[in-house]
Amino acid sequence: MSTVIGDSFASAELRAVPGSAIRELLSLTERRGVLSLAGGLPATELIPTQRIAAAIDHRLADPASMQYGPSAGTRSAREAIAAADGLSSAHQVLLTHGSQQALFLLAHALLDPADLVFVDDPAYIGALQVFAGVRARVEALPITATGLDTDLLAQRLADGARPRLVHTVSSFHNPAAVCLDEARRVRLAALADRYGFWIVDDNPYGRVRFAGVEPTPLHVLSDRVLSLGSASKVLAPALRVGWVSGPPEVIDAVERYRQSVDLCGSTLAHAVVGELMSDEVWWTAHLAQLVDAYSRRCGALIDSLTTHLGERALFAAPQGGMFCWVRVPGVNTTALLGEAVAGGVAYVPGSAFAVSMDAADCMRLSFATLDESTLDVAVARLAAVVAHAAS
């Protein structure tokens, strides 16, 4: 005899959290023969497994690497991250179990139910889940070709809106792939200083720039910036090392909340990340290899979209990161997804990221995990499905 358990046991917080369309979609992409343009995964073959293994062996020689560690994370890793990000002190860094946990901790430490949060539109799904969980009041600001719409934000603030924080993916946006330009960064920082809200700069992709000029980091422009980073996209997701950096008093408060969640992270993983990021010669060469590979794959995706979809597809060539945001006017990409998977290709429908906007004819494509020739096959399959839907 079995009993089906409903959601009557769930807390209000749990009931408020929506599922992730991307996580659910990944099971579809595991089907044999499906080429996935969907997941935001780094290329497995570019993960530096031998260097990570050597660092693990080195750290295992010290039994302390297998012991509990401080709640803020091991000092060596925090120092390496602070140095890499141009921070003055390791005290400005808290290590977390991936950058998603950093966002979770920030939301719980800083937000009360009904606090106003501004997000991008389209938005990073993980952020929407976190803010729903704390029952924040979420409003969307449309993404422009140069990032968050700071003009609209300024107007909303002038009209009396008082957000507790503004969340944005400033570099190579997930999913829109754009980069917040210098002028908008300066204005966003000035607005935060004037109105007293926190900027949460979600930045797991910033080190993967292969075109354009690097703008000033937001944390240089204002003391009201909390930056999220991750080793997942540039080293290995399985290490599960992320971080949040910001003013020490905020980091201390978030660390105190973190103690109620999981006490501390993996001392071994922290030590490995610290060793790799502080090995300047290796770290610089490794990042260059990633940038080169993703640049070539991005170029291959753009060429294939132009060749196979032509004027059917509207997009801008990304300058970094892992994604391309594509609009296919007249095509409902959610309705098309089943046919696409049956045709051997997967993507994430734009509606999965929409807050207030209509993204029914949009899709997010990732170029990170497929090589150049396979990307062309995947886009050819996608074009065939789009052509069939339009016929």
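This text follows the structure it describes.
Model, not experiment: these values are computed from the prediction.

Novice: I keep staring at the overall build of the protein and nothing clicks. Help me out?
Specialist: When its secondary structure is counted, the protein shows 14 helices and 13 strands. Relative to the globule expectation of 21 Å for 391 residues, the C-alpha radius of gyration of the protein, 21 Å, shows essentially globular dimensions. Across the 391 residues that make up the protein, the buried fraction comes to 54%. Considering only intrachain contacts with a sequence separation of at least 6, the fraction spanning at least 24 residues in the protein is 74%. Accessible surface, the protein as shown: approximately 16,800 Å² in total, 53% of it carbon and sulfur. Taken together, the 30 basic and 40 acidic charged side chains of the protein have centroids lying 3 Å from each other.

Novice: For this particular structure, what's the right way to read empty space enclosed by the protein?
Specialist: Any empty space left between the atoms is revealed when a probe the size of a water molecule rolls over them. A full pass over the atoms with the stated rule returns 1 cavity of 30 Å³ or more. Volume-wise, the largest cavity comes out at about 40 Å³. In terms of lining, the largest cavity is formed by P42, A43, L46, I47, S232, K233, V234, L235, H286, L290 and Y294. Tallied by class, residues from the lining of the largest cavity come to 8 nonpolar, 2 polar and 1 charged.

Novice: Explain the pairing of strand 2 (residues 93-96) here, please?
Specialist: For a regular strand, side-chain orientation follows a simple rule: the groups alternate between the two sheet faces. Alternating positions in strand 2 separate into two faces, V93 and L95 on one and L94 and T96 on the other, with burial throughout. Pairing analysis gives 4 bridges linking strand 2 to strand 9 (residues 242-245), with the strands arranged antiparallel. Looking at the pairing, L94 lines up with V244 of strand 9.

Novice: I'm lost on the packing of aromatic side chains in this one. Help?
Specialist: Each aromatic ring pair is described using two quantities: the centre-to-centre distance and the angle formed by the ring planes. As enumerated under the stated definition, the model contains 4 aromatic pairs in all. Taken together, a centroid distance of 5.5 Å and an interplanar angle of 80 degrees make the contact between Y205 and F323 edge-to-face. Placement of the pair is Y205 in the loop between strand 7 (198-202) and helix 9 (218-221) and F323 in strand 10 (residues 323-327), with a sequence separation of 118 residues. Each of the two residues, Y205 as well as F323, counts as buried. Over the ring of W282 we find R51; its NZ or CZ atom is 5.6 Å from the centre of that ring.

Novice: How do you make sense of the sheet that holds strand 10 when you look at a structure like this?
Specialist: Two strands in a sheet stick together by hydrogen bonds in their backbones, pointing the same way (parallel) or opposite ways (antiparallel). With antiparallel pairing, the 3 strands of this open sheet are ordered in space as 10-13-12. Because the sheet does not close on itself, it has two edges, and the strands there are strand 10 and strand 12 (348-349). Note: strand 10 against strand 13 (residues 362-366), 5 bridges, orientation antiparallel. Note on strand 13: the bridge partner recorded for R327 is C362. Along the sheet, helix 12 (residues 280-308) contacts strand 10 and strand 13; its crossing angle with strand 10, the most-contacted strand, is approximately 15 degrees.

Novice: Before we go on, may I ask you to explain the side chain of H270 in this structure?
Specialist: Relative to the elements of secondary structure, H270 occurs in helix 11 (residues 267-278). The residues contacting H270, other than those within four sequence positions of it, are G73, T74, A77, L95, V241 and G265.

Novice: Explain a negative patch on the surface to me, please; I cannot follow it from the model alone.
Specialist: Together, D193, D223, E249 and D252 give the surface a local cluster of negative charge. Within the secondary structure, D193 is located in helix 8 (residues 182-195).

Procedures and definitions
- Residues numbered from 1 in each chain as written.
- Predicted model: local features only at pLDDT ≥ 70, side-chain atom pairs only at ≥ 80, totals over all residues.
- Heavy atoms only, no water.
- Helix = DSSP H or I, 4+ residues; strand = E, 2+ residues; numbered from the N terminus.
- Rg over C-alpha atoms; globule rule 2.2 N^0.38 Å.
- Buried < 20%, exposed > 50% of the residue type's maximum accessible area, 1.4 Å probe, protein only.
- Contact = heavy atoms within 4.5 Å.
- Areas by Shrake-Rupley, 256 points an atom, 1.4 Å probe, with all protein chains shown as cover.
- Lys, Arg positive; Asp, Glu negative; His and termini not counted.
- Charge placed at Lys NZ, Arg CZ, Asp CG, Glu CD.
- 1 Å grid on protein atoms, 1.4 Å probe; cavity = no way out; pocket = protein on both sides within 12 Å on 5 of 7 lines; lining within 4 Å.
- Points joined across faces, edges and corners; volume = space filled by probe spheres on them.
- Nonpolar A, V, L, I, M, F, W, Y, C, P; charged D, E, K, R; others polar.
- Pairing = 2+ DSSP bridges.
- Phe/Tyr/Trp six-rings, centres within 6.5 Å; stacked < 30°, edge-to-face > 60°.
- Lys NZ or Arg CZ within 6 Å of the ring centre and 35° of its normal.
- Axes fitted to C-alpha atoms, helices over the stretch in contact; angles between N-to-C directions.
- Patch = residues over 30% accessible without salt bridge, like charges linked within 9 Å, V, L, I, M, F, W, Y side chains within 5 Å.
- Salt bridge = Lys/Arg side-chain N within 4 Å of Asp/Glu carboxyl O.

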